[in-house]
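Understanding the architecture of this molecule
Spelled out, the chains give:
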Amino acid sequence: MAIKIPQKKKKTYQLVSGIGFLIIGLYMILSLKDVRGQIPLGLAIGILLWRF
Amino acid sequence: MTEKILGIDRNWIVDSFFGLIIGLVIVFLGKIFSFVGAIGIPLNLAISLDDLGRFLIIVIVAPICEEIFFRNFVLSFFDDKIEKNFNIKVPFFVGAVLTAVVFSLFHLLAYGGSLSSAGGSFLSAGLMGIVFAYEVKLFKSVLPAIVTHMVLNFSVLSALAVIIG
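Presented here is a report on the structure given in the accompanying data block. (Residues numbered from 1 in each chain as written. Chains lettered and ligands numbered in written order. Predicted model: local features only at pLDDT ≥ 70, side-chain atom pairs only at ≥ 80, totals over all residues. Heavy atoms only, no water.)

Examining unusual backbone geometry
Keep this limit in mind: Strands are runs of DSSP state E lasting at least 2 residues, helices are runs of H or I lasting at least 4, and numbering of each runs from the N terminus. Exposure classes here rest on a 1.4 Å probe applied to the protein chains alone. A residue is buried below 20% of its type maximum, exposed above 50%, and partly exposed in between.
At K33(A), a position not held by glycine, the phi torsion is positive, near 55 degrees. Within the secondary structure, K33(A) sits in the loop between α1 (7-31) and α2 (38-51). Residue class for K33(A) comes out exposed when judged on its relative accessible area of 66%. The backbone of N87(B) shows a phi angle near 60 degrees, a positive value even though the residue is not glycine. Structurally, N87(B) can be placed in the loop between α2 (52-86) and α3 (92-110).

Regarding the environment of G129(B)
Residue and element names in this part refer to chain B. This is how the line gets drawn: We call two residues in contact whenever any of their non-hydrogen atoms come within 4.5 Å of each other.
Locating G129 in the fold gives a position in helix α5 (residues 122-139). When its relative accessible area of 0% is taken as the criterion, G129 is described as buried. Separated by 77 residues in sequence, G129 and L52 have C-alpha atoms that sit 27 Å apart. Not counting the four nearest positions on each side in its chain, G129 is found in contact with R71, A100 and F103.

Re the side chain of N153(B)
Residues and elements named next belong to chain B. Along the chain, N153 turns up in helix α6 (residues 143-164). For N153, a relative accessible area of 2% corresponds to the buried category. When neighbours within four sequence positions are excluded, N153 is seen to be in contact with I39, I41, I58, A62 and P63.

Things to note about the packing of aromatic side chains
The test is simple: Put simply, two rings from Phe, Tyr or Trp (the six-membered ring, in Trp's case) pair if the centres are within 6.5 Å, and we call them stacked under 30 degrees between planes, edge-to-face over 60, tilted for the rest. Only Lys NZ and Arg CZ are tested; either one counts as a charge over a ring when it is within 6 Å of the ring centre and within 35 degrees of the ring normal.
For the structure shown, the criterion picks out 13 aromatic pairs over all chains. Ring centres 6.1 Å apart and planes at 90 degrees place the aromatic pair F55(B) and F154(B) in the edge-to-face group. Taken as a pair, F55(B) in helix α2 and F154(B) in helix α6 lie far apart in primary sequence, 99 residues in all. Using a relative accessible area of 30% as the deciding quantity, one classes F55(B) as partly exposed. Ring geometry for F69(B) versus F70(B): centroids 5.1 Å apart, planes at 75 degrees, classification edge-to-face. With a relative accessible area of 1%, F70(B) lands in the buried category. Aromatic ring contacts, followed pair by pair, group F21(A), W50(A), F69(B), F70(B), F73(B), F103(B), F106(B) and F132(B) into a single cluster. Above the ring of F103(B), the side-chain terminus of R71(B) is found at 4.4 Å from the ring centroid. Looking at K137(B), its charged tip hangs above the ring of F92(B), at a distance of 5.0 Å from the centre.

Interpretation in functional terms is not warranted from these geometric data alone.
Below, the structure written as structure tokens:
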């Protein structure tokens, strides 16, 4: 069985998940003062670089 | 070969309804079995829970971006890309478990402290990861998994709000 992401929507999904992780990372670092926020932040940067 | 599409193309009302029902069943099971239900949430217990922004991030933003990333990209990587590029057929269960391990690791590393305090653990997050993967397979959409994830995060957040006040 092969799972496939619709190509038309792939870039939208990348953008949505990238911005979502960016919000979580910034929230954790700036609001919660939790350095572990760099993990979602790094993931967000990775996804957004992959997107563009 | 069956082809599965992981999109939000189907009837979103029906998908959301099934996601809600599955989420409520898991919350109910979580009352009986302690290892079922809770997934880690980005939360610092020292800070009060009366902020709307915090609710939006934990209940709305986190489930959407996590499910889209893990259940779309990571699951399709294990299920489709490995088979296509390395010519190794990976059974769906193996892909689901590997995705769940990555999902669980992310929760443990990123939200670690709050994971244990919110009643979640590596095992419970991994178990839910497998459930989400099968939801995606069953409904051919990530939407039910997003709604279930929202229900679980909301149940944990509301339980903490009651405890902390």
